[in-house]
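# Per-entry structural report
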Amino acid sequence: MSVAVGLMIFVRQAGEGRPGPAVVWAVVFSVVALGVSPLAFPRSVGAAEARRRSAEDGRPIVYWRPGCQYCLRLRLRLGRTARRAHWVDIWRDPEGAADVRAVTGGDETVPTAVVAGRPHVNPDPAWLRRRLR
């Protein structure tokens, strides 16, 4: 949706002979679209697979959903270390959504990280980054 709106603004601005603002709007909407898409996140796995992998390697599980500004903030602040966590998209995995509801009192509050078996709702990115090293 963001890309379509950005494209419409780009075409209008370019048609009015204003290529500079057209390019700026196209870039802004493309960045927004990337930020709210699953492409900004490491590949998601199912909750059962994430729990299995976490039990083997001790790495945290991060439950998230596309479009969540707090999830994007966490992802960006983790930088490259984000790839070390096991990411579960709760909109694609009903079992993951149920896991989150179980620890948040029935809400699907994300990001929720499970570190050493303990859930942490909306964890501090610096704190989680230390656990990913």
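One can find the structure itself at the top, above this paragraph.
Notes on the structure in this doc start here. Please read all numbers here as calculations on a predicted model, not as lab measurements.

## Some words on unusual backbone geometry
In this chain, Val110 is followed by Pro111 through a cis amide linkage whose omega measures 0°. Inspection of the secondary structure puts Pro111 in the loop between α5 (94–103) and β3 (112–115). Positive phi values are uncommon outside glycine, yet Ala116 reaches one of about 55°. Along the chain, Ala116 falls in the loop between β3 and β4 (118–121). In this structure, Asn122 takes a positive phi of about 50° despite not being glycine. Position of Asn122 among the secondary structure elements: in the loop between β4 and α6 (125–131).

## A few points about helix α3 (residues 47–57)
Considered for burial, the residues of α3 that qualify are Ala47, Ala50 and Ser54. All buried residues of α3 lie within an arc of 55° about the axis, which places them on one face of the element. Facing away from the buried side of α3, by more than 90 degrees, are the exposed residues Ala55 and Glu56. Against β1 (61–64), β2 (86–89) and α5 lie the buried residues of α3. The first or second residue beyond α3 is Gly58, which carries a positive phi of 75°.

Thresholds applied
- Residues numbered from 1 in each chain as written.
- Predicted model: local features only at pLDDT ≥ 70, side-chain atom pairs only at ≥ 80, totals over all residues.
- Heavy atoms only, no water.
- Helix = DSSP H or I, 4+ residues; strand = E, 2+ residues; numbered from the N terminus.
- Buried < 20%, exposed > 50% of the residue type's maximum accessible area, 1.4 Å probe, protein only.
- Arc of directions from axis to C-beta.
- Contact = heavy atoms within 4.5 Å.

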